[in-house]
Amino acid sequence: MTAHAWSSPVVRARTMWPSQPGALRTRPLPRESAASYLIRLAGTYHLTAAQLLDGLNIATTGTFASPPATDIHLSAEAAHRLSAFTRIPPAHLTRALARQPPPASIGMSRAAIARWQPVPPAVQPLPACTACTIRRSPHQAAPAWIHPASNSPRIMICTHHQQASSDSRHAAPLAIHTVPELTRPRSTARRAAPASLSWASTITTRWYDHQQHLHQRWLTRLDRLTDANPHIPPGPASPALTCRDLITYPETLILATALDRLPPHPLAHAQQTAFLHRLADRLRLPRLAPADHDLLWQRLYAR
């Protein structure tokens, strides 16, 4: 074999399987998309994802696109080969990688096959904290994409490194050191019921879009975020839209906690007034007087 042939990245990848498992430990982030991890793993060896899969003798189908637009589904045999190469036990690898159930043609196959699948924008993963990623990617700061925790707002905050993500259209997480209310640990999201979080997110989104109640506070927060993150793309979606969930996050958690404490029966008029008074105090508002069409009233009546 010529020296040129040995320099081929595909040949280099093939020489590492199966007798030589990966020498460089690239660990997946919790809930990282399989495509994101595979690309970071391949990049550690200066390979593309396609070259690494070919080197592991894993046949691929589908059209590749960079995360978060696509993910990859692995058959059981393909996952086994990836586990052996990375030296990560299969159970650990499965728990770390946030994967949707593979198509039947993949999941039931005994062959080592993989398929690239498009991911709808509404459920695409978000950019991970760059400081956390570099700790799991030796020799390079490759970007990573992870899924938010289930039954929680579609947002991720790294309080240690003061980075956050809330929209897959951002190529990198946002610095949030200028918005201290986002950097404090938030245990409320883990305690509130999923239904209350869903209602709270819907209500604060409506308030944000219609510039109600907390408009000036949220506008100030938006200005601080955009000033600290000049890399936010100006279009086609503006930062006012792509940063919305992050901007409203503190108040969403406060509202979710309040809704979680509502009794299972309708509130009397005096109880509704007391609830709004307590909620205004927690939101640091002088008063809270929702209009008749406000979704908060709908939630109070939907008992």
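Remember, it's a predicted structure, so these values are computed and weren't measured experimentally. All residue numbers here refer to positions counted from 1 along the written sequence of the relevant chain. Predicted model: local features are reported for residues with pLDDT of at least 70 only, side-chain atom pairs are reported and counted for 80 or more only, and whole-chain, interface and lining totals are derived from all residues. As a rule here, side-chain values come from all non-hydrogen atoms in the structure, and water together with hydrogens is ignored.

Undergrad: In this structure, what is going on with helix α16 (residues 269–282)? I would like to understand it.
TA: For an α-helix, the turn length of 3.6 residues means that residues three or four places apart are oriented alike. Taking 1.5 Å as the rise per residue, α16 with 14 residues should run 20 Å; its terminal C-alpha atoms sit 20 Å apart, in good agreement. For α16, the set of buried residues is Q272, F275, L276, L279 and A280. Down the axis of α16, the smallest arc covering the buried residues is 130°, so these residues share one side. Of the exposed residues in α16, those oriented more than 90 degrees away from the buried face are A270, H277 and D281. For α16, the secondary structure elements touched by its buried residues are α15 (249–260) and α17 (295–301). Secondary structure counts use DSSP, requiring at least four H or I residues in a row for a helix and at least two E residues in a row for a strand, with both numbered from the N terminus. Just downstream of α16 lies R284, where phi reads positive at about 60°. In this analysis, the expected span of each helix is defined as 1.5 Å times one less than the number of residues it contains. Residue exposure (1.4 Å probe, protein chains only): buried if accessible area is under 20% of the type maximum, exposed if over 50%, otherwise partly exposed. Along the arc lie the directions from the helix axis toward the C-beta atoms. Contacts are residue-level and defined by heavy atoms, with any inter-residue pair within 4.5 Å sufficient.

Undergrad: Help me out: how do you make sense of the packing of helix α11 (residues 194–209) against α15 in this one?
TA: A packed helix pair is summarised by two numbers, namely the angle formed by the two axes and the spacing between the axes. Contact geometry for α11 and α15: axes closest at 8 Å, N-to-C directions at 130°. By the angle between their axes, α11 is oblique relative to α15. Pair α11 / α15 crosses with right-handed handedness. Two secondary-structure elements touch here, α11 through S196, L197, W199, A200, S201, I203 and T204 and α15 through E251, T252, L253, L255, A256, L259 and D260. Residue type decides the class: Asp, Glu, Lys and Arg count as charged, Ala, Val, Leu, Ile, Met, Phe, Trp, Tyr, Cys and Pro as nonpolar, and the leftover types, Gly among them, as polar. Taken together, the residues of the contact of α11 with α15 break down into 8 nonpolar, 4 polar and 2 charged. With axes taken as lines fitted to C-alpha atoms, and helix axes fitted only over the stretch in contact, angles between N-to-C directions fall between 0 and 180 degrees. Every angle not falling under 35 degrees, over 145, or within 65 to 115 is termed oblique; those three ranges are roughly parallel, roughly antiparallel and roughly perpendicular. Throughout, a crossing is termed right-handed when the near helix is turned clockwise from the far one, and left-handed when it is turned anticlockwise from it by less than a right angle.

Undergrad: How should the packing of aromatic side chains be read in this particular structure?
TA: Centre-to-centre distance and the angle between the planes together describe a pair of aromatic rings. Put simply, two rings from Phe, Tyr or Trp (the six-membered ring, in Trp's case) pair if the centres are within 6.5 Å, and we call them stacked under 30 degrees between planes, edge-to-face over 60, tilted for the rest. Per the counting criterion, the structure on display carries 3 aromatic pairs. Ring plane angle 55° and centroid distance 5.5 Å describe the contact between Y45 and F85, whose orientation is recorded as tilted. Pair noted here: Y45 is in the loop between α3 (34–44) and α4 (49–55) and F85 is in helix α5 (residues 76–86), with a separation of 40 residues, a long-range link. Accessibility expressed as a relative area gives 1% for F85, which makes it buried. Ring geometry for F64 against W116: centres 4.8 Å apart, planes inclined by 75°, an arrangement best described as edge-to-face. In this pair, F64 sits in the loop between β1 (59–61) and β2 (70–74) while W116 sits in strand β3 (residues 113–118), placing the two residues 52 residues apart along the sequence. According to the relative accessible area criterion, F64 is partly exposed, its value standing at 41%. The class of W116 is buried, set by a relative accessible area of 7%.

Undergrad: Before we go on, may I ask you to explain the pairing of β3 in this structure?
TA: Side-chain positions along a regular strand alternate between the two faces of the sheet. Pairing between strands is defined by DSSP: at least two bridges between them are needed. Here 3 bridges tie β1 to β3, and the two strands are oriented parallel to one another. Pairing of T60 across the sheet is with A114, part of β3. In terms of strand pairing, β2 meets β3 through 5 bridges, oriented antiparallel. Within β3, the position partnered with D71 by the bridge is Q117.

Undergrad: Sorry if this is basic, but what is going on with the state of the cysteines here?
TA: Note on terminology: a disulfide is the covalent bond linking the sulfur atoms of two cysteines. Sulfur atoms of two cysteines make up a disulfide when they are within 2.5 Å. Enumeration according to the criterion identifies 0 disulfides in this entry. Left unpaired, C132 is separated from the closest cysteine sulfur, that of C129, by 3.7 Å.

Undergrad: Help me understand a positive patch on the surface in this model?
TA: Where like charges cluster on the molecular surface, the positive patch consists of R25, R27, R87 and R135. As for its position among the elements, R135 is in the loop between α8 (130–134) and β5 (145–146). Each patch is built from residues lacking any salt bridge and having more than 30% relative accessible area; the joining distance is 9 Å for like charges and 5 Å for nonpolar side chains (Val, Leu, Ile, Met, Phe, Trp, Tyr). Here the Shrake-Rupley method, with its probe set to 1.4 Å, supplies the accessible areas, and only the displayed protein chains count as covering residues. Here, a salt bridge means any Lys or Arg side-chain nitrogen found within 4 Å of an Asp or Glu carboxyl oxygen. In this count, Lys and Arg are taken as positive residues and Asp and Glu as negative ones, while His and the chain termini are left out. Where a charge sits is defined by one atom per residue type, namely NZ (Lys), CZ (Arg), CG (Asp) or CD (Glu).

Undergrad: What am I meant to see in the environment of S196 here?
TA: Tracing the sequence through the fold places S196 in helix α11. You can call S196 buried: its relative accessible area is 4%. Taking C-alpha positions, S196 is 9.2 Å from L253, a pair spaced 57 residues apart along the chain. Excluding its chain neighbours within four sequence positions, the residues that come into contact with S196 are A256, L259 and D260.

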